[in-house]
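Coordinate inspection notes
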Amino acid sequence: MVDEHFRKPKKNGAAQIVNAPHLLTPIADSHAHVQLLADPPLALARAGAHEIAFVETMVDVVEDGAATYEQLDEWVDAAQLLVRQMGSLCCGQAPYDVPRVRIAAGVHPHNAKGWTDAVEGELLRLLKDPRTSALGEVGLDYHYDLSPREDQKRVFARQVELAHLTGLPLILHVREAFDDAFAIMEEAGWNPAGVLLHCYTADAHEVERWVAAGCSVAFGGALTFNRSDDIRAALRQVPLDRLLLETDAPYMAPVPLRGQKCEPAMVVFTAGRALEELLGEGASQEERKGVLARTLANTLALLDRAPTPWQRT
């Protein structure tokens, strides 16, 4: 339906509207896969209705090709029309604009086995596009091992080198491979343009060395899951000037929408839980808005910069 509401299916086939937190300030989704959403324009329009001011969308060169680059302007134009069609928006306020969307391009560790010289060439071509603001998501995933680990490490190390070359920040995917990923970063050198550890799902102890190395850390829907006490403890260890929020849409929808297809607007639920963990229930509205404003500022500072010198040449 063309409106701002979140819905949860009921057993009788109907759908129940789920009320969203009233955050009263714009926030960002620092990591989504807009191309994989069922209706990208509608998802962007709904994000605008919930004051999502910025979305970083991922492109995997092996799996996705250049479709996002080819269709993004059309998605945004269509979303502009949809957001104006929506009736009573959240908080009863006037329609908001759709989010600003930037792109991160890279080769995910799942697809490392597909790396070739041609893939590297195509990646460099996409990184030249001024809409590209980061190299990612890249890293290591030893949970699924969809590519051999040696391929994952080799391709990860090469993409760290490319981040240095291009001057773009690096978005990391690390799952059950933190020791090897950290060692590769130490050997290749921490990117002065910035490093974002996306979708953090490890414990409070692990996050300490990444923060000490200068990383920013993003938390998604897993922060809201019942058995995610370790993730919530890790959230409290991240300095506010390094904290970002995300969805990883269409994956990992937050509670109370867990199990559904996620979309960027759902970051409001993760933001609400983050506020509970960081400030508690007695925080003032100004304190809450201050924390969320900082997460937006962190996202924009890292992922919405002007083209790099390499991109301009």
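Bear in mind the structure is a predicted one, so any value in this text is a computation, not a measurement.

Examining the packing of helix α8 (residues 267-279) against helix α9 (residues 285-303)
One way to put it is that α8 packs onto α9 with a least axis distance of 11 Å and a crossing angle of 115 degrees. For the element pair α8 and α9, the recorded crossing hand is right-handed. Residues Ala271, Leu275, Leu278 and Leu279 of α8 lie in contact with α9, whose contacting residues are Glu287, Arg288, Val291 and Leu292.

Observations concerning the sheet that holds strand β4 (residues 52-60)
Spatially, 8 strands are ordered β3-β4-β5-β6-β7-β8-β9-β10 in an open sheet, and the strand pairing comes out parallel. Taken across any chain shown, the strands that pair with only one partner, and hence form the sheet edges, are β3 (27-32) and β10 (243-245). On average, each strand axis in the sheet is inclined to that of its neighbour by 25 degrees, with strand direction left out of account. Here strand β8 (residues 195-197) runs beside strand β9 (residues 216-219); their pairing, made up of 2 bridges, is parallel. Pairing of leucine 196 across the sheet is with serine 216, part of β9. Lying over the sheet, α8 contacts β3, β4, β9 and β10, oriented at roughly 145 degrees with respect to β10.

Focus on the packing of aromatic side chains
Counted under the stated rule, the structure contains 7 aromatic pairs. Aromatic side chains tryptophan 190 and tryptophan 210 sit 5.8 Å apart centroid to centroid with 80 degrees between the ring planes, which places their arrangement in the edge-to-face category. Here the residue tryptophan 190 occupies a position in the loop between α5 (178-188) and β8, and tryptophan 210 occupies one in helix α6 (residues 204-212), the gap between them amounting to 20 residues. In this structure, tryptophan 190 and tryptophan 210 share a single accessibility class: buried. For the cation-ring pair, arginine 209 lies above phenylalanine 182, with the distance from its terminal atom to the ring centre recorded as 4.8 Å.

Basis of the calculations
- Once a new chain begins, its residue numbering starts again from 1 and follows that chain's sequence as written.
- Note on the predicted model: pLDDT of at least 70 is required for a residue's local features to be given, and 80 or more for side-chain atom pairs to be given and counted; whole-chain, interface and lining totals, by contrast, use all residues.
- With hydrogens and water stripped out, all remaining heavy atoms of the structure feed into the side-chain values.
- Under this scheme, a helix contributes an axis fitted over its contacting stretch, all axes are lines through C-alpha atoms, and angles between N-to-C directions fall in the 0 to 180 degree range.
- Here a helix means four or more residues in a row that DSSP labels H or I, a strand means two or more in a row labelled E, and each is numbered from the N terminus.
- Working rule for handedness: look at the near helix, and if it is turned counterclockwise from the far one by less than a right angle, call the crossing left-handed; if clockwise, right-handed.
- We call two residues contacting when some pair of their heavy atoms lies within 4.5 Å.
- Two strands pair under a simple rule: DSSP has to find at least two bridges between them.
- Aromatic rings from Phe, Tyr and Trp, with only the six-membered ring used for Trp, were paired whenever their centres fell within 6.5 Å, and each pair was classed as stacked if the ring planes differed by under 30 degrees, edge-to-face if by over 60, and tilted otherwise.
- Classification of residues uses two cut-offs on accessible area relative to the type maximum, computed with a 1.4 Å probe and protein chains only: under 20% is buried, over 50% is exposed, and between them is partly exposed.
- A ring has a charge above it when a Lys NZ or an Arg CZ is no more than 6 Å from the ring centre and no more than 35 degrees off the ring normal.

All quantities given are derived from atomic positions and should not be read as evidence of function.
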